[in-house]
Amino acid sequence: MHILMIPAWFQPESVGHHGIFVRDIARALAHCGHTVRIVSFAYGNKYLEVDDGNILEIFHPTAGSGLFSKLSYLKKTGPWLDEYCRRYGKPDIINTHGLSSIRLVSRWAHIHSLPIVHHEHLKALINPGLPFRIRWQARYFYQKVATIIAVSTIHADAIRKLTDTAVQRIPDVIDSAFFNIPLAKNLKTGLQLACISDLDPEKGYELLIEAVGLLAANNIDFTLHIVGDGPLRSMMERWSEEKGIRHRINLHGRQNRAGVLSILEKCHIYCTATITESFGMHIAEALAAGLYVVTTDCGSVHDYISKTNGTIVPQRSAVLLADALQTAITNYSVENVHAIRASIAEFASAEVVIPQIESVFRSVLRQRR
C-alpha cells in the first residue's frame with residue numbers, strides 16, 4: 001500500500017520528540033513493505049524533506065497564529081497535496097494523526113475519493129470536562145473519516161460518545177529499540193528508579209517527589225532518574241531540596257532516544273504519578289525495557305498493566321504511591337525482567353500491532369471498491 005500520513009504535530013527527529021509515535025508507526029509499516037510518507041503542515045518556517053531510506057518526511061511551513069492565517073493556510077494544503085501526487089502518485093489511503101489533522105486534508109481527500117483512517121492520540125478526550133471547542137471539532141470532523149483508531153480502551157470509549165464513525169482500539173507501536181535493551185540488570189549500585197516525561201503539571205511530579213521523599217524517610221535506598229524538561233524544572237529542584245532528597249534525584253533534562261535507552265538500561269523500576277494518558281507510551285516503553293512499573297491510575301494503563309508487571313495506585317495519594325514503590329523495591333527480582341518484557345511485547349510490539357493496522361486499512365479499501 002501507498003500510505004500518506006498527516007500528523008497534527010510533528011518534528012524532525014533531529015529537533016525533538018513531538019509526534020515520535022507517528023514515525024514509529026510509519027517505520028514499522030515501511031518495514032512490512034509498504035510505501036509510507038509523512039507530510040507535516042505544522043513545523044518550522046521553510047520547506048524541508050528528510051529521507052532516512054525507509055520513510056520520507058515532508059515539512060511544509062506552519063500557519064501563523066491568527067485566524068486569517070489559518071483560514072488562508074487551508075487554501076494552500078490542497079495544492080501542496082496535488083504536488084505530492086504529481087511527484088509520488090496518488091496514495092491508496094490517508095492516515096491522519098490527531099484531531100486537527102483531519103481539518104487540513106478532509107476536503108482534498110473527498111475530492112480525490114481517498115479514504116481517511118484516523119489515528120487519535122488526544123488525551124483531552126478522556127477528561128470529563130472536555131472543552132466545547134474540542135467536543136464540536138470531534139463531532140464535526142470524525143464524520144469525515146472512514147474509521148477511527150483509538151490507542152486504548154478508555155480512549156475508544158470516550159471517542160464513541162462523540163461519533164457514529166466506527167472506532168477500533170489498537171495500541172501504539174513500541175519501537176523495537178526498547179525491546180533490544182540488554183536485560184542484565186545490575187543491583188550493585190542500588191535500586192535505580194526512572195521517570196521519563198515532560199516536566200509539566202499533568203505528569204504529577206509534585207506527587208511523585210512527595211512519594212519518593214516518604215521512601216527516603218523510611219530509609220529506602222534508591223536513585224531516581226528523571227528525563228525530560230519543562231516549566232516545573234526549577235520547582236522540582238526546590239521540592240527535592242526541601243525534602244532533603246536532591247542528592248537522590250538526577251534531572252537528566254531532555255534526551256534523544258539513544259539517551260533514553262541508555263538510562264532505562266541501568267534502571268530497575270519505572271515510577272510515574274501522571275494524571276491522564278491516552279496510551280502511556282513512556283510507561284509501555286519502560287515495560288519493554290524490562291522495568292517493573294508503579295503508576296497512578298491514568299486510565300489507559302489498565303490495558304497492559306497486570307499484577308506480574310506492575311502496580312496501579314488507585315488514588316492520587318503520596319502515601320499509597322510510596323507504599324507501592326516500597327513494596328516493589330522490597331520484592332524486586334531480576335528474574336522477572338524477561339516476563340515483564342514479554343507481557344508488553346504480546347500487546348504493543350510492531351509484530352502484533354502492525355497487522356491490526358493493516359487489517360483496518362484493507363477493510364476500508366475493500367469497502368471503497
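This text follows the structure it describes.
In this report, we go over the structure that sits alongside the text. (Residues numbered from 1 in each chain as written. Predicted model: local features only at pLDDT ≥ 70, side-chain atom pairs only at ≥ 80, totals over all residues. Heavy atoms only, no water.)

Between helix H10 (residues 281-288) and helix H12 (residues 337-348), the shortest axis-to-axis distance is 7 Å and the interhelical angle comes to 130°. As far as their axial angle goes, H12 and H10 are oblique. Mapping the contact onto sequence places Ala284, Leu287 and Ala288 in H10 and Ile340, Arg341 and Ile344 in H12. Taken together, the residues of the contact of H10 with H12 sort by class into five nonpolar, no polar and one charged. (Axes fitted to C-alpha atoms, helices over the stretch in contact; angles between N-to-C directions. Helix = DSSP H or I, 4+ residues; strand = E, 2+ residues; numbered from the N terminus. Parallel < 35°, antiparallel > 145°, perpendicular 65-115°, else oblique. Contact = heavy atoms within 4.5 Å. Nonpolar A, V, L, I, M, F, W, Y, C, P; charged D, E, K, R; others polar.)

There is a patch of nonpolar side chains on the surface, built from Phe132, Trp136 and Tyr140 and spanning about 380 Å² of accessible area. On the secondary structure map, phenylalanine 132 appears in helix H4 (residues 132-141). (Patch = residues over 30% accessible without salt bridge, like charges linked within 9 Å, V, L, I, M, F, W, Y side chains within 5 Å. Areas by Shrake-Rupley, 256 points an atom, 1.4 Å probe, with all protein chains shown as cover. Salt bridge = Lys/Arg side-chain N within 4 Å of Asp/Glu carboxyl O.)

Under the counting rule described, the total for this entry stands at 16 salt bridges. For arginine 86, the salt bridge is made with glutamate 83, and the minimal N-O distance between the two is 3.0 Å. Residue arginine 86 and its partner glutamate 83 are both found in helix H2 (residues 67-88); the two are separated by three residues, about one turn of the helix. With its nearest N and O atoms 4.0 Å apart, the salt bridge here joins glutamate 285 to arginine 257. Of the two residues, glutamate 285 sits in helix H10 while arginine 257 sits in helix H9 (residues 257-265), which places them 28 residues apart along the sequence. The buried category is assigned to glutamate 285, whose relative accessible area is 12%. Judged by relative accessible area, arginine 257 falls into the buried class, the value being 19%. Overlapping salt bridges bring together Asp24, Asp175, Arg257 and Glu285 as one network. (Buried < 20%, exposed > 50% of the residue type's maximum accessible area, 1.4 Å probe, protein only.)

Of all five residues in strand S13 (residues 292-296), five are buried; the element is thus mostly enclosed. On S13, burial covers both faces: Tyr292, Val294 and Thr296 on one face and Val293 and Thr295 on the other are all buried. With four bridges connecting them, strand S12 (residues 269-272) and S13 associate as parallel partners. Considered in S13, the bridge of tyrosine 270 is made with valine 293. Once the chain exits S12 it traverses H10 before rejoining the sheet at S13, and the crossover so formed is right-handed. Here S13 pairs with strand S14 (residues 310-313) via four bridges, running parallel. Bridge pairing in S14 places valine 293 opposite glycine 310. (Pairing = 2+ DSSP bridges. Right-handed = clockwise from strand over helix to strand, strands pointing away.)

Here we come to the environment of phenylalanine 347. By secondary structure assignment, the location of phenylalanine 347 is in helix H12. Sequence separation between phenylalanine 347 and isoleucine 170 is 177 residues, and the spatial gap between their C-alpha atoms is 9.4 Å. If near-sequence neighbours (up to four positions away) are discounted, phenylalanine 347 is found in contact with Arg169, Pro171, Phe279, Asp303, Tyr304, Val352 and Val353.

This next bit is on the packing of helix H7 (residues 205-217) against helix H11 (residues 318-330). The geometry of H7 relative to H11 is characterised by a closest axis approach of 8 Å and an angle of 55° between their N-to-C directions. Relative to H11, H7 is oriented oblique. In this structure, H7 crosses over H11, and the sense of that crossing is right-handed. When H7 is examined against H11, the residues Leu207, Leu208, Glu210, Ala211, Val212, Leu214 and Leu215 are found in contact with a partner set consisting of Ala318, Val319, Leu321, Ala322, Leu325, Gln326 and Ile329. (Left-handed = near helix turned anticlockwise from the far one by under 90°.)

This paragraph deals with the sheet that holds strand S8 (residues 166-169). Spatially, S3-S4-S2-S1-S5-S6-S7-S8 is the arrangement adopted by the eight strands of the open sheet, whose pairing is mixed. Only two strands of the sheet have a single neighbouring strand rather than two, namely strand S3 (48-51) and S8. Sheet twist, expressed as the mean angle between neighbouring strand axes with direction ignored, is 20°.

So, on to the sheet that holds S13. With parallel pairing, the six strands of this open sheet are ordered in space as S11-S10-S9-S12-S13-S14. Edge positions in the open sheet fall to strand S11 (249-253) and S14, since each of these has one partner strand only. For this sheet, the mean inter-axis angle between neighbouring strands, taken without regard to orientation, is 20°. Relative to S11, strand S10 (residues 223-227) is paired through four bridges, and the arrangement is parallel. If you follow histidine 225 over to S11, its bridge partner there is asparagine 250. H7 rests against strand S9 (192-196), S10, S11, S12 and S13 of the sheet, and its axis sits at about 165° to S10.

Nothing here speaks to function; it is geometry throughout.
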